[in-house]
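# Structural overview
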Amino acid sequence: AQAAINHLATGDEYQGGIIYFPQGRYKLDNCLLFEDVSSVTNYYVQGDGAINTELDFGTAAPGTNGIQFEGGSLCGVEGVLVTSAPNHGIVINSTTLSYVSFARIKDVRVQFCGGDGLYSFQSYLITVEGLFATANTGNGINFAGNHTSLVSNVMYAANNGAIGIRINGAVYIDNNGQSDGNLRGWNFTKVRGGVVRGVGTETNEAEGVVIATSNSSASGITGEYQ
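Notes on the structure in this doc start here. (Residues numbered from 1 in each chain as written. Predicted model: local features only at pLDDT ≥ 70, side-chain atom pairs only at ≥ 80, totals over all residues. Heavy atoms only, no water.)

## Focus: the overall build of the chain
Note the following rule: Going along the chain from the N terminus, every DSSP run of H or I of four or more residues is numbered as a helix, and every run of E of two or more is numbered as a strand. Computation of the radius of gyration draws on C-alpha atoms, with the globule rule given as 2.2 Å multiplied by the number of residues to the power 0.38. Methods summary: accessible areas were calculated by the Shrake-Rupley approach with a probe of 1.4 Å, and residue burial reflects only the protein chains presented. When charges are counted, Lys and Arg are positive and Asp and Glu negative, with His and the chain ends excluded. Throughout, a charge is located at the NZ atom of Lys, the CZ atom of Arg, the CG atom of Asp or the CD atom of Glu.
Helix and strand counts for the chain stand at 1 helix and 14 strands. By the compact-globule yardstick of 17 Å for 226 residues, the chain fits well, its C-alpha radius of gyration being 17 Å. Accessible surface, the chain: about 9900 Å² in total, of which carbon and sulfur atoms supply 50%. Once the 10 positive and 19 negative side-chain charges of the chain are each reduced to a mean point, those two points are 6 Å apart.

The following block contains the structure:
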């Protein structure tokens, strides 16, 4: 897997491509890390479906993420099960030093990870189509901050240790999904300009849905929304 990542980063005219995992179970002992190497990153991890291709990070060192994109654009994960990463299962950017744009998550399941199932920070134009996050120690799906144009169709979070689906610091969102059996179902904070359709929530330990903005931390939110 690392050799494939290295190869995709060495093109003379462009970098990137698809790393394809055919049907089967793969035991990976380190993060699949994609770092920005050009203006267009163009990295994708693809399997034969979340019920057919399993990426098992259970032997990785403590604190290791599963699949991680840092900087660049045009990246994503499709058709895989990510399981047992010691930290987050999938990361779409993690710092303020860079950003990711045009990321796509499709037909993905993330489970039994030590952090969040999906963690995203400072990313733009994100599309999710079919994401199931279950039994992760942290949040199931965590859009942690600074997002623009976040569109999701069918997100499902169940039995996670914290919030099922968290969206914080975002503008222009369109989301739907279901969040069951978590500490809290849905949590929207500092969101401006968007629509949420068909929000399902059952059997969570605390609130099913929270929509809130803090006056002490309302960056980007106009007075009437505060």
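Next comes the rest of the account.
## So, the nonpolar core
A general trend in soluble globular proteins is that nonpolar side chains are found buried together. For clarity, the cut-off: Think of a nonpolar core as a cluster: buried Ala, Val, Leu, Ile, Met, Phe, Trp, Tyr and Cys residues, connected wherever their side-chain atoms sit within 4.5 Å. Burial here depends on accessible area, computed with a 1.4 Å probe over protein chains only, as a share of the maximum for the residue type. Under 20% is buried, over 50% is exposed, and the range in between is partly exposed. Should any heavy atoms of two residues lie within 4.5 Å, those residues are counted as being in contact.
By size, the foremost hydrophobic cluster in this structure holds 42 residues, and its most contacted members are Leu32, Phe34, Leu55, Ile67 and Phe143. Not counting residues within four places of it along the chain, the set of residues in contact with Phe34 comprises Ile5, Ile19, Tyr43, Val45, Ile67, Gln68, Phe69 and Glu70.

## Here we look at the pairing of strand E12 (residues 163-180)
For a regular strand, side-chain orientation follows a simple rule: the groups alternate between the two sheet faces. The line we're drawing: Here, strands pair whenever DSSP counts at least two bridges between them.
For E12, the tally of buried residues reaches 13 of 18 residues, placing the bulk of the element in the interior. Here strand E11 (residues 141-158) runs beside E12; their pairing, made up of 11 bridges, is parallel. Looking at E12, one finds that Val151 is bridged to Asp174. Bridge count for E12 against strand E13 (residues 184-202) is 15 bridges, and the pairing is parallel. Within E13, the residue paired with Asp180 across the bridge is Glu202.

## Some remarks on the pattern of salt bridges
Using the following cut-off: Any Lys or Arg side-chain nitrogen found within 4 Å of a carboxyl oxygen on Asp or Glu counts as a salt bridge.
Overall, the coordinates contain 6 salt bridges when judged by the stated rule. For Arg25, the salt bridge is made with Asp56, and the minimal N-O distance between the two is 2.6 Å. With Arg25 in strand E2 (residues 24-27) and Asp56 in strand E5 (residues 53-56), this residue pair connects regions lying 31 residues apart in the sequence. A residue is classified by how much of its surface remains accessible, and Arg25, at 53% relative accessible area, is exposed. Take Asp56: its relative accessible area is 6%, and that puts it in the buried class. Across the salt bridge formed by Asp174 and Arg197, the nearest N and O atoms sit 2.8 Å from each other. Taken together, the residues span a long stretch of sequence, with Asp174 in strand E12 and Arg197 in strand E13 at a distance of 23 residues. Through salt bridges that share partners, Arg25, Lys27, Glu54 and Asp56 make up one connected network.

## A short note on the packing of aromatic side chains
Put simply, the rule reads: Side-chain rings of Phe, Tyr and Trp, where Trp is taken by its six-membered ring, are said to pair if the distance between their centres is within 6.5 Å; with planes under 30 degrees apart they count as stacked, over 60 as edge-to-face, and otherwise as tilted.
Counted by the stated rule, this structure contains 6 aromatic pairs. With a centroid separation of 5.0 Å and 45° between ring planes, the pair formed by Phe34 and Tyr43 is classed as tilted. Accessibility expressed as a relative area gives 1% for Phe34, which makes it buried. Pairwise contacts between aromatic rings join Phe34, Tyr43 and Phe69 into one cluster.

## Re the environment of Gln122
Let me state the cut-off plainly: Two N or O atoms form a polar contact when they lie within 3.5 Å of each other; inside protein one atom must be a possible hydrogen donor and the other a possible acceptor, and for residues adjacent in sequence the pair counts only when both atoms belong to side chains.
Here Gln122 lies in strand E10 (residues 118-134). Sequence spacing of Gln122 and Tyr99 is 23 residues, and the spatial spacing of their C-alpha atoms is 5.4 Å. Side-chain polar atoms of Gln122 contact the side chain of Asn146, separated by 3.3 Å.

## Some details on the pairing of strand E7 (residues 72-83)
Across the 12 residues of E7, 10 count as buried, placing the element largely inside the fold. Examined bridge by bridge, strand E4 (residues 43-47) and E7 share 4 bridges and lie parallel to one another. If you follow Tyr44 over to E7, its bridge partner there is Gly76. Where E5 lies against E7, 3 bridges are found, and the strand directions are parallel. Looking at the pairing, Glu54 lines up with Leu81 of E7. Pairing analysis gives 10 bridges linking E7 to strand E9 (residues 100-111), with the strands arranged parallel. Counted as the bridge partner of Val82 is Val110 from E9.

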